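If you want the building blocks of each chain, they are given just below.
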Amino acid sequence: MGADHHLLFPNNSNLKSAALVPLPRKDLATGALCFGSRDPARFTRYHGTDFLAHLGAVAAVCIENAVNRARLLRAGIYRFS
């Protein structure tokens, strides 16, 4: 593992593989899902990267929907209180 992965996984010194999945939204990366494993063969460049990319896209939409719902809820509370 690279020297900087301890910044993403601070409490796991025996990390052997990682997958950093961007959360794309409107041609920008708005965040990342970070998966780590003690198994060196769990995340490699040869395993299901298309699935992980789709997972990141779906997660980004879900997070955006949750944020928009919270904004609407907050706007409703402020207007009517």
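Preceding this paragraph is the structure being described.
These numbers were taken from a predicted model, which means no experiment stands behind them. (Residues numbered from 1 in each chain as written. Predicted model: local features only at pLDDT ≥ 70, side-chain atom pairs only at ≥ 80, totals over all residues. Heavy atoms only, no water.)

> Mind showing me how you'd approach the overall build of the protein chain here?
The secondary structure content of the protein chain amounts to 2 helices and 2 strands. Its helices and strands taken in sequence order, the protein chain reads α-β-β-α from the N to the C terminus. For a compact globule of 81 residues, the expected C-alpha radius of gyration is about 12 Å, and the protein chain comes in at 17 Å, more than 25% above that figure. Referenced to the eigenvectors of the C-alpha coordinate spread, the extents of the protein chain come out at roughly 55 × 30 × 20 Å. Counting only residues that meet the buried cut, the protein chain has 15% of its 81 residues in that class. A separation threshold of at least 6 residues defines the contact pool for the protein chain, and within that pool the share at least 24 residues apart is 38%. If you average the places of the 10 positive and of the 5 negative side-chain charges in the protein chain, the two averages end up 11 Å apart. (Helix = DSSP H or I, 4+ residues; strand = E, 2+ residues; numbered from the N terminus. Rg over C-alpha atoms; globule rule 2.2 N^0.38 Å. Buried < 20%, exposed > 50% of the residue type's maximum accessible area, 1.4 Å probe, protein only. Contact = heavy atoms within 4.5 Å. Lys, Arg positive; Asp, Glu negative; His and termini not counted. Charge placed at Lys NZ, Arg CZ, Asp CG, Glu CD.)

> When you look at the pairing of strand β1 (residues 17-25) in this model, what are you seeing that I'm missing?
Strand direction decides the pairing type here: β1 and strand β2 (residues 28-37), joined by 8 bridges, are antiparallel. For L20, the partnering residue across the bridge sits in β2 and is C34. Here β1 folds back onto β2 in antiparallel fashion, the turn holding 2 residues, of which K26 has a positive phi close to 55 degrees. (Pairing = 2+ DSSP bridges.)

> How do you make sense of the environment of R25 when you look at a structure like this?
As for its position among the elements, R25 is in strand β1. Separated by 32 residues in the primary sequence, R25 and A57 place their C-alpha atoms 7.5 Å from one another.

> Help me out: how do you make sense of the pattern of salt bridges in this one?
Between side chains of opposite charge, a pair can form as their charged atoms come close. Under the definition given, this model contains 1 salt bridge. Among the ionic pairs, E64 bridges to R25, the shortest N-O distance being 2.2 Å. With E64 in helix α2 (residues 49-80) and R25 in strand β1, this pair connects stretches of sequence that are 39 residues apart. (Salt bridge = Lys/Arg side-chain N within 4 Å of Asp/Glu carboxyl O.)

Limitation: the analysis is restricted to geometry and does not speak to function.
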